[in-house]
Amino acid sequence: MSQYAYDSTVKPLTVNDLLAMKQRSEKISCLTAYDASFSALIDKAGVDMMLVGDSLGMVVQGYETTLPVTIRDMVYHTRCVSAARQRAFIIADLPFMSYATPVMAAKNAAKLIQVGGAQMVKLEGARIEIVRFLVDQGIPVCGHLGLLPQLINQLGSYKVQGKEPADAAKMIADAHQLQQAGAGLLVLECVPASLAREISTQLAIPVIGIGASVDCDGQVLVLYDMLNIGIGKRPRFSRNFMQDNATIEAAIDAYHQAVKQSRFPTAEHSF
Ligand code: KIV
């Protein structure tokens, strides 16, 4: 039981609750979280999901990429976030090279769930066999397509993905394969609005966008970007919610309401 508990009658959302939100066209709000204090604020604002992203390597640890983040780092931060959560669904990233084989993926995912308290793990790319293996072991999985930050040394830069028709067609096929392999959610990062709309419409599972237009079933942003406290440049698809809000609580609430009412992201934050 969390020492931050503010209402013991509130239970954590489940993957079925998120699916039901998609089915009734209710937008799903998500923010990244890395520690107990922000976890409590985000949870209290009613944000539906918290992603313990390996973006923590860049915004918390100060690295240039997410590549140095270890499974130990991820377990530690996931534990911090879950300690203060009441309602929000918690997803934790499997970091770079922690899911190179199915067995390695299962061992590391188990740490995020058993020690960290995550309800689902996220991995990048169309790693269909790994996803199927994890789901067969009873581990809920979130896919991640589009811009894959763990591939930065192959990509060369962080840029919009799926602009060419062949790349778009492959992404649609990959999304279907992930769903068929048992993924319960899909994150789409930095993809054109028309492609994001296509994938969100075709899939039965919720699709959560970041730089992927308002037509996804939900939205996620890196917390430090939307609070404008990051050390790097804020990406074009993010918005500084502190600009019109006096407190962090108000900024998080404004983001949550804007997502729920489809007021964020606008065309300005989309591709
Ligand atoms: O690590 C992270 O924060 C993420 C989001 C950008 C989706 O994967």
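Residues numbered from 1 in each chain as written. Predicted model: local features only at pLDDT ≥ 70, side-chain atom pairs only at ≥ 80, totals over all residues. Heavy atoms only, no water.

A. Expanded view of empty space enclosed by the protein. Taken as a whole and judged by the stated rule, the model has 1 cavity of 30 Å³ or more. Size it by volume and the largest cavity reaches roughly 40 Å³. Around the largest cavity sit Cys30, Met49, Leu51, Ile91, Val187, Ile208 and Val220, which together line it. The residue inventory of the lining of the largest cavity, partitioned by class, reads 7 nonpolar, no polar and no charged. (1 Å grid on protein atoms, 1.4 Å probe; cavity = no way out; pocket = protein on both sides within 12 Å on 5 of 7 lines; lining within 4 Å. Points joined across faces, edges and corners; volume = space filled by probe spheres on them. Nonpolar A, V, L, I, M, F, W, Y, C, P; charged D, E, K, R; others polar.)

B. View of the pattern of salt bridges. In the structure shown here, the tally under the stated rule is 9 salt bridges. Of the charged contacts, one joins lysine 22 and aspartate 217 as a salt bridge, the two residues approaching to 2.8 Å between their closest N and O atoms. Of this pair, lysine 22 sits in helix H1 (residues 15-23) while aspartate 217 sits in the loop between strand S7 (207-210) and strand S8 (218-221); the two residues are 195 residues apart in sequence, bridging distant segments of the chain. When the shortest N-O distance is used, the salt bridge between arginine 197 and aspartate 215 registers 2.6 Å. Taken together, the residues arginine 197 in helix H9 (residues 193-202) and aspartate 215 in the loop between S7 and S8 connect sequence positions 18 residues apart. Residue classification places arginine 197 among the partly exposed positions, given a relative accessible area of 41%. If you follow the salt bridges from partner to partner, you end up with Arg24, Glu26, Asp48, Arg87 and Lys260 in one network. (Salt bridge = Lys/Arg side-chain N within 4 Å of Asp/Glu carboxyl O. Helix = DSSP H or I, 4+ residues; strand = E, 2+ residues; numbered from the N terminus. Buried < 20%, exposed > 50% of the residue type's maximum accessible area, 1.4 Å probe, protein only.)

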